[in-house]
Amino acid sequence: AQSVTQPDIHITVSEGASLELRCNYSYGATPYLFWYVQSPGQGLQLLLKYFSGDTLVQGIKGFEAEFKRSQSSFNLRKPSVHWSDAAEYFCAVGQGTGTASKLTFGTGTRLQVTL
Amino acid sequence: GAVVSQHPSRVICKSGTSVKIECRSLDFQATTMFWYRQFPKQSLMLMATSNEGSKATYEQGVEKDKFLINHASLTLSTLTVTSAHPEDSSFYICSAAPGLVRPDTQYFGPGTRLTVL
């Protein structure tokens, strides 16, 4: 069965500092990997996704993530954090192919940004 | 594009009543829709997968008679929580997948906060 681990429950960074959120996955085949962001009381917004090809994926809002098969990781990065980035971040792995995949989510990392 | 709406955004009901939540894809046709449940400060747990015109597939441990899902059209899926109890209070989120147009991509609704008194 697929699984996703986000080791950091809560991270605090200063505005302007760099950010890296960790994500490790367990999946038998080549995974479909996603990062979503959720603001309080809101649904999820897709930041970026990896299906195949270039292992460094660029997303919205200046985020990027790197797929490392040897480490089973898909860490999310941003070079300079803005106060508006404070939110909950979820890593997810998709199972199956075709018309739609079932997503398994990690437990999330809450990002706090200090001014 | 790729907007998914949910209605209502917030609902409070008495124990024993049923509540219906709608999920609509506004600008695309959704072959598949998913329903998730999220407890406070926790992750999303997939409840069921619904394909238009077919019966929903429920995840292990989810009571299909408790959580009725109907996917009557390519733009609408509904989740009905029957005989709701306080333990059903949660944040329910749907997602819609465009299917063959953009496989393996889901777009999420804003969620519905259910409080059962």
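Rules used throughout
- Residues numbered from 1 in each chain as written.
- Chains lettered and ligands numbered in written order.
- Predicted model: local features only at pLDDT ≥ 70, side-chain atom pairs only at ≥ 80, totals over all residues.
- Heavy atoms only, no water.
- Core = buried A, V, L, I, M, F, W, Y, C linked by side-chain atoms within 4.5 Å.
- Buried < 20%, exposed > 50% of the residue type's maximum accessible area, 1.4 Å probe, protein only.
- Helix = DSSP H or I, 4+ residues; strand = E, 2+ residues; numbered from the N terminus.
- Contact = heavy atoms within 4.5 Å.
- Buried area = accessible area lost by both parts, 1.4 Å probe.
- Salt bridge = Lys/Arg side-chain N within 4 Å of Asp/Glu carboxyl O.
- Disulfide = S-S within 2.5 Å.
- Pairing = 2+ DSSP bridges.
- Axes fitted to C-alpha atoms, helices over the stretch in contact; angles between N-to-C directions.

Novice: What is the right way to look at the nonpolar core in this model?
Specialist: Proteins that are soluble and globular tend to have nonpolar side chains buried together. The biggest cluster of nonpolar side chains holds 26 residues, and the ones touching the most others in it are A:Leu19, A:Trp35, A:Leu47, A:Leu48, A:Phe74, A:Leu76 and A:Tyr89. When contributions to this core are tallied by element, the ones reaching two or more residues are strand E2 (10-14), strand E3 (19-21), strand E5 (32-38), strand E6 (44-50), strand E8 (64-68), strand E9 (73-78), strand E10 (87-95) and strand E12 (109-114) of chain A. In this view, A:Leu19 contacts A:Ile11, A:Val13, A:Phe63, A:Leu76, A:Arg77, A:Lys78, A:Val81 and A:Leu111; residues no more than four positions away in its chain are not counted. By size, the runner-up hydrophobic cluster in this structure holds 25 residues, among which are B:Val4, B:Val19, B:Met33 and B:Ala96.

Novice: Got a minute to help me understand the interface of chain B and chain A in this structure?
Specialist: For interface size, the figure often reported is the accessible area lost on association. On the chain A side, the residues contacting the 23 residues of chain B number 23 residues. For the pair chain B and chain A, the summed buried area comes to about 1800 Å², and 54% of that belongs to carbon and sulfur atoms. There are one salt bridge connecting chain B and chain A. For A:Lys102, the salt bridge goes to B:Glu59, with nearest N and O atoms at 3.0 Å.

Novice: What's the story with the state of the cysteines in this structure? I'm lost.
Specialist: Any covalent bond linking the sulfur atoms of two cysteines counts as a disulfide. In total, this model carries two disulfides over all chains according to the counting rule given. Put simply, A:Cys23 and A:Cys91 are joined by a disulfide, and their sulfur atoms are 2.0 Å apart. Between A:Cys23 and A:Cys91, the disulfide has an S-S torsion of -65 degrees and is therefore left-handed. Note that A:Cys23 is positioned in the loop between E3 and strand E4 (24-26) and A:Cys91 in strand E10, a separation of 68 residues in sequence. Judged by its relative accessible area of 0%, A:Cys23 is buried. Here B:Cys23 is linked by a disulfide to B:Cys94, with a sulfur-sulfur distance of 2.0 Å. On the S-S bond that ties B:Cys23 to B:Cys94, the torsion sits near 80 degrees, and the link is right-handed. One end of the pair, B:Cys23, is in strand E3 (residues 19-25); the other, B:Cys94, is in strand E9 (residues 90-97), and 71 residues separate them in sequence. With relative accessibility at 0%, the residue B:Cys23 sits in the buried group.

Novice: Before we go on, may I ask you to explain the sheet that holds strand E7 (residues 67-73) of chain B in this structure?
Specialist: Two strands in a sheet stick together by hydrogen bonds in their backbones, pointing the same way (parallel) or opposite ways (antiparallel). Residues and elements named next belong to chain B. The strand order E1-E3-E8-E7 describes an open sheet built from four strands, whose pairing is antiparallel. Every interior strand has two partners, whereas the edge strands, strand E1 (4-7) and E7, have only one. Averaged over all pairs of adjacent strands, the angle between their axes in this sheet comes to 15 degrees, without regard to strand direction. Pairing of E7 with strand E8 (residues 76-81), which is carried by five bridges, proceeds in the antiparallel orientation. Within E8, the residue paired with Leu68 across the bridge is Thr80.

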